[in-house]
Amino acid sequence: MRILMVSEDLPGEQVGGLGKHVVTLANRLLQEGHAVEILGRADRPSTDPARQIGFAGRFRPGFAIARPGWKEEQLGMFNPLKRPWFARRIARAIDAHAAGFDVVHYHGHLPMTGLYVRDGINFVQTRHDQGSECLTHLRFIDGAVCERLAPGACTACSARRAGPGPGPSPGPVRTALTALAVSGYRSQAARAFARHKTVFVSDFLRRRFLRAVPDADLSRSRVIHNLVDYPALRALAMAAPMPQAGEVVLAGRIDTGKGFAEFLDAAAGRLPAHARLTVVGDGPLRAALERRHAGPQVRFLGWQDHAASLALAARAHLCVVPSVCEEACSTTVLEALALGRGCVALARGGTPELTQYVQYPGQLALAPAMPKLVARLARLLAAPPSPRIAPPADFGADAARLLPTLLELYAEPADLLDRHLHLEQRGHAG
């Protein structure tokens, strides 16, 4: 097949989890004999964007979305016009580049994009986070998972985006405009899901969207977990040195919701003396956490490329994924499991679904809350690392297992009828 991947997260010097997934998927499809290109941003200068992100095919600069703020932070509200405007810009780029491709697969942050692509394009999108119905994509506020469902309640986030301090009072105008933005966003996402084929990376994610939009038509959607390149991870695991007792690796963006602050605060003074924590990644909270916690037991390496991060994980005693937000389908967890390393995480979001990929009993240790996670980690560190065993020949989340389902979805006829609009028209006609 000829496949065009699309993402506004690419290219970039520091590619996050979504972008890494796109590149992994695209490279594996190339290896399977498909013709794959990536369409991404044109406002991130790079002499060789494909090489920069580790993609073995052609990268097409297609659209610019710089300065996407639209003064939302200054005004303390979500703008109803902003996200559809950018979605149309990406859709125009898709229209301009889609000729000759059998399928266009969008991995991005604007779920309504499918409403604006021209008829005749076999369009698929993957939803990687709760951004189908939450405009911050995280559903996380005040250090906890957000359970608010009413669109007007989203002023709790929109008003505080004005900067440090309590921010402007939401007031009736800001509340009304934010409610309009959120309700419109969710409606547009639901219409796009009804019109085009959609992948949710966990059943948790699909259920969360239905909780916010109960009447959504998800009959064209499927759940396909994130995939990994298991042959590469298996080779890395076999070549890695023996795990070092007490070595713990945490990798990810050091930001709100990712749990680094909560974990390090809870773990201070509660781990065995031989424990050594290596924090891999960068983000807005890194500097403060490094000042507070760096020392003999904790080191911060900053951002590392994907290969270096995986090499550190491959020789760790244990990996910890401390996210306190509800991760949809953590590739970091999947990679730890594929490398044969034990992994400790919170039992929230889509992470419990990943227990089906463990290679041995207890490999994925889940805890209900951070204090229990730290206690569980301390007990596991008291025992020596699991003895090295020959990695199995295959892995449940390997591309070889999951690609056939995705290719089957690609090949399904594209139904370009917007069902919600069709039903509305029928109702008016009656």
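This is a predicted model, so every value here is computed, not measured.

Quick notes on the nonpolar core
Formed by 63 residues in total, the largest nonpolar core has its most connected members in Met-5, Ile-38, Phe-209 and Tyr-410. Two domains each put at least three residues into this core: domain 1 (2-227 + 401-425) and domain 2 (230-382). Those residues in contact with Met-5 that lie beyond four places of it in its chain are Val-22, Leu-25, Ala-26, Leu-29, Val-36, Glu-37, Ile-38, Leu-39, His-105, His-107 and Tyr-410.

Describing the pairing of strand E11 (residues 276-280)
Here E11 lies mainly inside the structure; 4 of its 5 residues are buried. In this sheet, E11 lies alongside strand E10 (residues 247-251) in parallel orientation, the contact comprising 5 bridges. For Val-249, the partnering residue across the bridge sits in E11 and is Thr-278. In this fold, the crossover linking E10 to E11 by way of helix H9 (residues 260-267) has right-handed handedness. Following the backbone out of E11, through helix H10 (residues 286-293) and into the adjacent parallel strand E12 (residues 298-302), one traces a crossover that is right-handed.

A short note on the packing of aromatic side chains
Under the criterion given, the structure shown has 6 aromatic pairs. Between the aromatic rings of Trp-85 and Phe-86, the centroid separation amounts to 4.9 Å while the plane-to-plane angle is 85 degrees, which identifies the pairing as edge-to-face. According to the relative accessible area criterion, Phe-86 is buried, its value standing at 5%. An aromatic cluster is built from Phe-193, Phe-200 and Phe-209, whose rings are joined through pairwise contacts. Its end group placed over the ring of Phe-101, Arg-2 keeps NZ or CZ at 4.6 Å from the ring centre.

With respect to the layout of surface pockets
In this model, the second largest pocket occupies a volume close to 210 Å³. Leu-339, Gly-340, Arg-341, Arg-388 and Ile-389 are, among the 16 residues lining the second largest pocket, the residues nearest its centre. In the lining of the second largest pocket, the residues fall into 11 nonpolar, 3 polar and 2 charged.

Looking at the packing of helix H1 (residues 17-31) against helix H14 (residues 399-411)
Interhelical geometry of H1 versus H14 gives an angle of 85 degrees and a closest axis separation of 11 Å. Considering their axes alone, H1 and H14 lie roughly perpendicular with respect to each other. Only Ala-399, Ala-400, Leu-403, Leu-406, Leu-407 and Tyr-410 of H14 make contact with H1, whose side of the interface consists of Leu-25, Arg-28 and Leu-29. In terms of residue class, the contact of H1 with H14 is built from 8 nonpolar, no polar and 1 charged.

Focus: the domain arrangement of the protein chain
By convention, interface size is frequently given as the accessible area that disappears when the constituent parts associate. Split into domains, the protein chain comes out as domain 1 (2-227 + 401-425) and domain 2 (230-382). On a C-alpha basis, the centroid separation for the pair domain 1 and domain 2 is 27 Å. For the domain 1 and domain 2 pair, buried surface summed over both sides reaches about 1,700 Å², with 56% attributable to carbon and sulfur atoms. Considering only the surface of domain 1 that becomes buried against domain 2, Phe-140, Phe-204 and His-225 emerge as the three largest contributors, covering 31% of it. Residue Arg-208 is joined to Glu-326 by a salt bridge in which the shortest nitrogen-to-oxygen separation is 2.8 Å. Along the contact surface separating domain 1 from domain 2 lie 9 residue pairs in polar contact (both at pLDDT 80 or more). Residue assignment for the side of domain 1 that touches domain 2 shows that the elements contributing at least two residues are H1 and helix H7 (203-212). Among the elements that make up the side of domain 1 that touches domain 2, the one with the highest residue count is H7 (5 residues). In the side of domain 1 that touches domain 2, the residues fall into 6 nonpolar, 6 polar and 7 charged.

Here we look at helix H4 (residues 82-97)
The end-to-end C-alpha distance of H4, which contains 16 residues, comes to 24 Å, matching closely the 22 Å that a straight helix rising 1.5 Å per residue would cover. All buried positions along H4 are accounted for by Lys-82, Arg-83, Pro-84, Phe-86, Ala-87, Ile-90, Ala-91, Ala-93, Ile-94 and His-97.

Topic: the sheet that holds strand E8 (residues 197-200)
With respect to topology, 7 strands assemble into an open sheet ordered E3-E2-E1-E4-E5-E8-E9, the strand pairing being parallel. The open sheet has two edge strands, strand E3 (58-63) and strand E9 (221-223), and neither has a second partner. Strand-to-strand twist of the sheet, defined as the mean angle between neighbouring strand axes without regard to direction, takes the value 25 degrees. Bridge analysis of strand E2 (residues 35-41) against E3 gives 5 bridges, and the strand direction is parallel. Bridge pairing links Glu-37 to Arg-58 in E3.

Calculation notes
- Residues numbered from 1 in each chain as written.
- Predicted model: local features only at pLDDT ≥ 70, side-chain atom pairs only at ≥ 80, totals over all residues.
- Heavy atoms only, no water.
- Core = buried A, V, L, I, M, F, W, Y, C linked by side-chain atoms within 4.5 Å.
- Buried < 20%, exposed > 50% of the residue type's maximum accessible area, 1.4 Å probe, protein only.
- Domains from an automatic or database assignment.
- Contact = heavy atoms within 4.5 Å.
- Helix = DSSP H or I, 4+ residues; strand = E, 2+ residues; numbered from the N terminus.
- Pairing = 2+ DSSP bridges.
- Right-handed = clockwise from strand over helix to strand, strands pointing away.
- Phe/Tyr/Trp six-rings, centres within 6.5 Å; stacked < 30°, edge-to-face > 60°.
- Lys NZ or Arg CZ within 6 Å of the ring centre and 35° of its normal.
- 1 Å grid on protein atoms, 1.4 Å probe; cavity = no way out; pocket = protein on both sides within 12 Å on 5 of 7 lines; lining within 4 Å.
- Points joined across faces, edges and corners; volume = space filled by probe spheres on them.
- Nonpolar A, V, L, I, M, F, W, Y, C, P; charged D, E, K, R; others polar.
- Axes fitted to C-alpha atoms, helices over the stretch in contact; angles between N-to-C directions.
- Parallel < 35°, antiparallel > 145°, perpendicular 65-115°, else oblique.
- Buried area = accessible area lost by both parts, 1.4 Å probe.
- Salt bridge = Lys/Arg side-chain N within 4 Å of Asp/Glu carboxyl O.
- Polar contact = N/O pair within 3.5 Å; in protein donor to acceptor, adjacent residues only side chain to side chain.
- Expected span 1.5 Å × (residues − 1).

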